[in-house]
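# Analysis of the macromolecular model
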Amino acid sequence: MKAVICGAGIAGLGLAQRLGAQGWRVVVVEKAPAPREQGYMIDFWGLGYDAAELMGALPRLKELSHPVREWTYVNASGVRVAGLDQRGFSKAMRGRLLTVLRPHIELAVRERIAGDVDLRYGRTIASVDDTGEAGSPVRLTLSDGTAEQADLLVGADGVHSAVRGMIFGPERRHLRHLGFHMAAWLFEDPEVHRLLAGRFCCTDSYGRQLGVYGVADGRVAAFAVHRTGDPSLPADVRRTLREEYGSLGWIVPRALDRLPTARDVYYDQMAQIELPRWSRGRVTLLGDACAAVSPLAGQGASLALAGGHLLARRLETAGGVQAALAAYERVWRPIVASRQRGARRGAAWFLPASPAGLLVRRAGIRLTALPGVSGLVSAALGGRPGVPLTRLADGPETGTLDGVQ
Ligand SMILES: Cc1cc2nc3c(=O)[nH]c(=O)nc-3n(C[C@H](O)[C@H](O)[C@H](O)COP(=O)(O)OP(=O)(O)OC[C@H]3O[C@@H](n4cnc5c(N)ncnc54)[C@H](O)[C@@H]3O)c2cc1C
């Protein structure tokens, strides 16, 4: 059996690893010229943690991770206003939580790839021809002119998926703008790194906020988010970032002074993807391409890796590609939908819209310091751990969702 996967992100690499281990021939087509180094910090737990463990990537992920002990909110002078103890969250996840850069998750997964897996960078898919008839392969042309035939094409090419566009139509039909723009970048500043001392420090502000944490290699990762009803992206992201965040005080002006070139700044609207179907014929979607939950959920990377595991297992056991795709979607879609709903519910907490909302968040965070409350908040943020990935991937399709939030 042969699969072509479009996108060498966490979803695409995770699926390639699993299918390679199952004896498939796999071609991964990635538009970036080489593995992407630009990235942001990921809180990685839940079903994706299970998937990383099953593929043997966990020891490497632990090595690359950088523990965070507290989410600290600071005022414009840098004084701590409130803090969430990350150790409480980790405890609620039974210690199965890592904070790690996105490119490092990709690295750890890539290192586990074995078998007949061909990673082709600097290429994309130019055209797809899928008759959907049983027994006929999907035919593809790559941007370098190469023709490929496969039993399965997987669009794992992220929230702005080109494969989704080719098969299911324009993005505007499937993308839900959540009312935020976000940016992330890495910069060198040993003094700020020292000041953070293992904390994720975030401005205690409404409408816009900027958070920073120190990375293991000494760099600082910045994550900025502001509210806007306009999904369109600015022409000059560096200028927009300076204008939006310049007045926040504390170390924010330093983080803005150290903005890298626009190419190395991640900037996008915050969005979720919702499609009535994820598969057609021999083509399916995986990860953010069909199931983007947004950083509000803090689980997109985890779901991308776990979804790939589940899809690979269903391809192994369902007795045919179409049956496997149907099973993948039946089991996985309700989990994604529940995480998407949870993310939307948490938007006002994540970034308050008004001074009153900010007061409510501050009070809520202070409450978490009370004995017993921290665990409850952590469970609410993270969802109940309880449905192991192996049960979702290998169990019956019905009755698998007990315990899913
Ligand atoms: C700032 C930020 C913070 C986040 N924090 C967390 C967190 O704490 N926890 C968490 O679990 N998740 C988090 N996420 C979400 C997580 O990063 C994503 O959900 C996850 O990376 C999705 O993986 P993916 O492989 O589906 O998509 P992507 O990471 O988008 O990868 C898609 C790949 O496809 C390639 N590609 C795109 N188009 C084409 C094309 N036409 N042809 C070929 N290749 C193409 C891209 O170059 C890329 O390599 C965060 C996201 C952001 C933006």
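Residues numbered from 1 in each chain as written. Predicted model: local features only at pLDDT ≥ 70, side-chain atom pairs only at ≥ 80, totals over all residues. Heavy atoms only, no water.

In this structure's numbering, the residues bearing the UniProt feature "domain: FAD-binding" (unreviewed entry) are residues 114-332. The straight-line gap between the two end C-alpha atoms of residues 114-332 is 26 Å; of that span, 29% is helix and 32% is strand. (UniProt positions renumbered as here; feature names shortened; annotations may be inferred. Helix = DSSP H or I, 4+ residues; strand = E, 2+ residues; numbered from the N terminus.)

All right, on to helix H14 (residues 355-367) then. Here H14 spans 19 Å end to end across 13 residues, near enough to the 18 Å set by a 1.5 Å rise per residue. Structurally, H14 contributes buried residues whose contacts are with strand E4 (70-74), strand E5 (80-85), strand E13 (199-203), strand E14 (208-214) and helix H13 (347-350). (Expected span 1.5 Å × (residues − 1). Contact = heavy atoms within 4.5 Å.)

The next subject is the sheet that holds strand E7 (residues 117-121). Spatial ordering of the open sheet is given by E7-E2-E1-E11-E18-E17, a layout of six strands whose pairing is mixed. Across the chains shown, the open sheet's two edge strands, defined by having one partner strand only, are E7 and strand E17 (279-280). With five bridges joining them, strand E2 (residues 25-30) and E7 adopt parallel strand pairing. Of the residues in E7, the one forming a bridge with Glu30 is Tyr121. Helix H12 (residues 321-345) contacts strand E11 (152-155), E17 and strand E18 (283-285) of the sheet and is inclined by roughly 20 degrees relative to E18. (Pairing = 2+ DSSP bridges. Axes fitted to C-alpha atoms, helices over the stretch in contact; angles between N-to-C directions.)

Moving on to the site of the ligand. Of all residues adjacent to the ligand, which total 33 residues, the nearest are Glu30, Tyr40, Asp43, Thr124 and Asp288. Contacts to the ligand include Thr124, whose side-chain N or O atom sits 2.7 Å from a nitrogen atom. Interatomic distance of 3.1 Å between a backbone N/O atom of Gly298 and a nitrogen atom of the ligand. About the coverage of the ligand: the protein hides 91% of its 1000 Å² of free accessible area. Elements with a minimum of two residues in the shell around the ligand: helix H1 (10-21), E2, strand E3 (41-45) and helix H11 (300-317). When residues in the shell around the ligand are grouped by element, the largest group, four residues, is from H11. Looking at the shell around the ligand residue by residue, the classes come out as 16 nonpolar, nine polar and eight charged. (Near = heavy atom within 4 Å. Polar contact = N/O pair within 3.5 Å; in protein donor to acceptor, adjacent residues only side chain to side chain. Areas by Shrake-Rupley, 256 points an atom, 1.4 Å probe, with all protein chains shown as cover. Nonpolar A, V, L, I, M, F, W, Y, C, P; charged D, E, K, R; others polar.)

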